[in-house]
Amino acid sequence: MGYKVACVGATGNVGREMLNILDERSFPADEVVALASRRSTGVEVSYGDRTLKVKALENYDFSDVDICLMSAGGEVSKEWSPKIAAAGAVVIDNSSAWRYDSDVPLVVPEVNADAVAGFTKRGIIANPNCSTAQLVVALKPLHDAATIKRVVVSTYQSVSGAGKDAMDELFSQTKAVYTNGELVNKKFPKRIAFNVIPQIDVFMEDGYTKEEWKMLAETKKILDPKIKLSATCVRVPVFIGHSEAINIEFEKPISVDEAREVLRKAPGCLVIDKREPGGYATPYECAGEDATYISRIREDATVENGLVLWCVSDNLRKGAALNAIQIAECLVNRKLLQPKKKAA
């Protein structure tokens, strides 16, 4: 018997990607249900070569659902995730609503897969922020090899991280530049076309943005609370794929060649690092791919035991949808969850 999987937020960028990846990876689902708010009822979404009609979250009965993939924003998750978990489904949530709850595991399977077993406390597992997911995939093998003390990361984050409306805004503004039309800012505080915006999420009292704080808090929770981290998060006019320039200070010496070899063997990492024009990965190449690409590995001579690297990944996949489905696969492969129909 396979599992019954519900996808909440099925009409959004990440929800649609979740349905694609469930099919791509042949997840053992006997039934997949697409859910969204009442206004999306009847909208059609693709699941492999099938078409699913979206049903309303508000009056759906979750009593026979095994896994609920939740990608409908923090407020919806705060209200619905506990109710869905109480009905006996394991919720894998893509919002920030539960990431910092000590009773909810925050999981990137390549980094801390063992943490999935903690879902029994709340019935909820949290997916990290998209910029954190690729960061910790790159950091984990290096941390195991030489113990990371400090990380300074600058991100170059695509507009898809802010949703479909943000992608539409980049498209319409770019078109307006070429046609002498009016540039309208709705989703972003400044124009995004042919520009970069050094603000993602709201500002906090210390001058960092919420996105930058998320990277700090989540890296500590997923990888190691002793790691010090400072982030500057920037939105760039790219549709899909987040990029990061990462400076790392280690406790132990690690050479560039050693780091390259460690990363080549690490799960989820793909090293493309030739010291020649074009010998590195960009967001364009990583779109639609599962791996976290690592390039430009070099020594940072400003600190003892320092390295610098460039890291890109598809934020809709590894940063969100793929990671959620990898978590579901962990539950299945570790036999932590039995299908309800079989149990009945």
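Refer to the structure above for everything that follows.
Figured I'd write up the structure that's included with this text.

The rules behind these values
- Residues numbered from 1 in each chain as written.
- Predicted model: local features only at pLDDT ≥ 70, side-chain atom pairs only at ≥ 80, totals over all residues.
- Heavy atoms only, no water.
- Helix = DSSP H or I, 4+ residues; strand = E, 2+ residues; numbered from the N terminus.
- Rg over C-alpha atoms; globule rule 2.2 N^0.38 Å.
- Buried < 20%, exposed > 50% of the residue type's maximum accessible area, 1.4 Å probe, protein only.
- Contact = heavy atoms within 4.5 Å.
- Lys, Arg positive; Asp, Glu negative; His and termini not counted.
- Charge placed at Lys NZ, Arg CZ, Asp CG, Glu CD.
- Expected span 1.5 Å × (residues − 1).
- Axes fitted to C-alpha atoms, helices over the stretch in contact; angles between N-to-C directions.
- Parallel < 35°, antiparallel > 145°, perpendicular 65-115°, else oblique.
- Left-handed = near helix turned anticlockwise from the far one by under 90°.
- Nonpolar A, V, L, I, M, F, W, Y, C, P; charged D, E, K, R; others polar.
- Polar contact = N/O pair within 3.5 Å; in protein donor to acceptor, adjacent residues only side chain to side chain.

## Points about the overall build of the chain
From N to C terminus, the chain includes 10 helices and 14 strands. Taking 344 residues into account, the globule formula puts the C-alpha radius of gyration at 20 Å, and the chain, at 20 Å, falls close to it. Once the C-alpha set of the chain is aligned to its principal axes, its extents read approximately 60 × 55 × 40 Å. Split into buried and exposed, the 344 residues of the chain put 54% on the buried side. Taking all contacts inside the chain whose residues are at least 6 apart in sequence as the whole, residues at least 24 apart take part in 68%. Charged side chains in the chain number 44 positive and 46 negative. The centres of these two groups are separated by 2 Å.

## Describing helix α6 (residues 210-222)
Between the first and last C-alpha of α6 there are 18 Å, a value that for 13 residues agrees with the 18 Å anticipated at 1.5 Å per step. In this structure, the buried residues of α6 make contact with α3 (109-112), α4 (130-146), β9 (148-157), β10 (228-235) and β11 (242-250).

## Things to note about the packing of α4 against helix α7 (residues 256-265)
It is at 9 Å that the axes of α4 and α7 come closest, and there the two elements cross at 125°. On the basis of the axis angle, α4 is oblique to α7. Crossing angle aside, the handedness with which α4 passes α7 is right-handed. Two secondary-structure elements touch here, α4 through A138, P141, L142 and A145 and α7 through A259, V262 and L263. Each residue belonging to the contact of α4 with α7 can be placed in one class, and the counts come to seven nonpolar, no polar and no charged.

## Describing the side chain of D101
Residue placement: D101 occurs in the loop between β7 (90-93) and α3. Of the polar contacts made by the side chain of D101, one reaches the side chain of R122; its length is 3.1 Å. In this view, D101 contacts R122 and K221; residues no more than four positions away in its chain are not counted.

Honestly, that's just the spatial picture; any functional story needs more than this.
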